[in-house]
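The primary structure of each chain is shown beneath.
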Amino acid sequence: MRLIKTLLTVLILAVSFNVSAQKVKLKKGNVLVDGEQWLTYQECGMFDGVCSLYNSNESEIIFIKLVKIPGEEPRTQSNPDGNLVFTEVSFLGKDLKYEIKGKTYKGIISDLYKANVVNNDGSLNDEKVNRLIEKYGTAFSDRLNNTTIIINESSNNGSGVNIKIGN
């Protein structure tokens, strides 16, 4: 009896989560959420390196690009070139961006919708954009741009200063 109650509770929860989730589709240049057009897009296909999102005024407001940097990750059997691969999401006109790893364009667009970064008039919501950037940040760029300068003054008669840049 207890097992039946538990299974029934899990089933009800699963159905309620499924009903409340927004379904995002990319279809013929339109971003559809639950069948309603939200934005339009260009080049957001599986093999495209970039994705542009436009509001109803046909102004490009969000630019998403796949970044691949060889040799920045440990070389493994599944990653023999040591490629660092992440996606950069830029909010155009705001000079703001965040970086994320392991999501498709569709998944990122779904996150943007859930975060309410686009107002009803098609403009970007500054508060929501800042919150999303605070949440994800630019961890990969920060790591890559982290340079260390070491000045080594030795007592030998050699000339100059030794400087090491990078890791």
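It should be noted that the structure appears before, not after, this text.
Remember, predicted model here, so these are calculated numbers, not experimental data.

Conventions adopted
- Residues numbered from 1 in each chain as written.
- Predicted model: local features only at pLDDT ≥ 70, side-chain atom pairs only at ≥ 80, totals over all residues.
- Heavy atoms only, no water.
- Helix = DSSP H or I, 4+ residues; strand = E, 2+ residues; numbered from the N terminus.
- Buried < 20%, exposed > 50% of the residue type's maximum accessible area, 1.4 Å probe, protein only.
- Contact = heavy atoms within 4.5 Å.
- Areas by Shrake-Rupley, 256 points an atom, 1.4 Å probe, with all protein chains shown as cover.
- Pairing = 2+ DSSP bridges.
- Axes fitted to C-alpha atoms, helices over the stretch in contact; angles between N-to-C directions.
- Phe/Tyr/Trp six-rings, centres within 6.5 Å; stacked < 30°, edge-to-face > 60°.

Draft legend 1. Main features of the overall build of the protein chain. The number of helices and strands found in the protein chain is four helices and nine strands. Starting at the N terminus and ending at the C terminus, the protein chain contains elements arranged as α-β-β-β-β-β-β-β-α-α-α-β-β. A burial count over the protein chain gives 30% of its 167 residues as buried. In the protein chain, 37% of the contacts between residues at least 6 apart in sequence involve partners at least 24 apart. Surface accessibility of the protein chain: about 11,900 Å² in total, with carbon and sulfur atoms responsible for 51%.

Draft legend 2. Structural view of the side chain of T138. Mapping T138 onto the fold places it in the loop between α3 (126-136) and α4 (139-144). Of the residues examined, T138 reaches a relative accessible area of 18% and is grouped as buried.

Draft legend 3. Quick look at the sheet that holds strand β7 (residues 96-100). If you trace the seven strands from one edge of the open sheet to the other, you get β1-β2-β3-β4-β5-β6-β7, paired in antiparallel fashion. One side of each edge strand has no neighbouring strand; the edge strands of this open sheet are β1 (24-27) and β7. Taken over all neighbouring pairs, the strand axes of this sheet differ in orientation by 25° on average, direction set aside. Relative to strand β5 (residues 60-69), strand β4 (residues 50-54) runs antiparallel, the two sharing five bridges. Across the sheet, the residue bridging to S52 is F63, located in β5. Against the sheet, α3 contacts β6 (84-91) and β7, and its axis sits at roughly 40° relative to β7.

Draft legend 4. The packing of aromatic side chains, seen in detail. Counting across every chain of the model gives four aromatic pairs. Both rings, one in Y98 and one in Y136, keep their centres 5.1 Å apart while their planes meet at 20°; by these two values the pair is stacked. A residue pair is termed long-range when its members are at least 10 positions apart, and Y98 in strand β7 and Y136 in helix α3 qualify at 38 residues. On the basis of relative accessibility, which here comes to 25%, the residue Y136 falls in the partly exposed class. An aromatic cluster is built from F91, Y98 and Y136, whose rings are joined through pairwise contacts.

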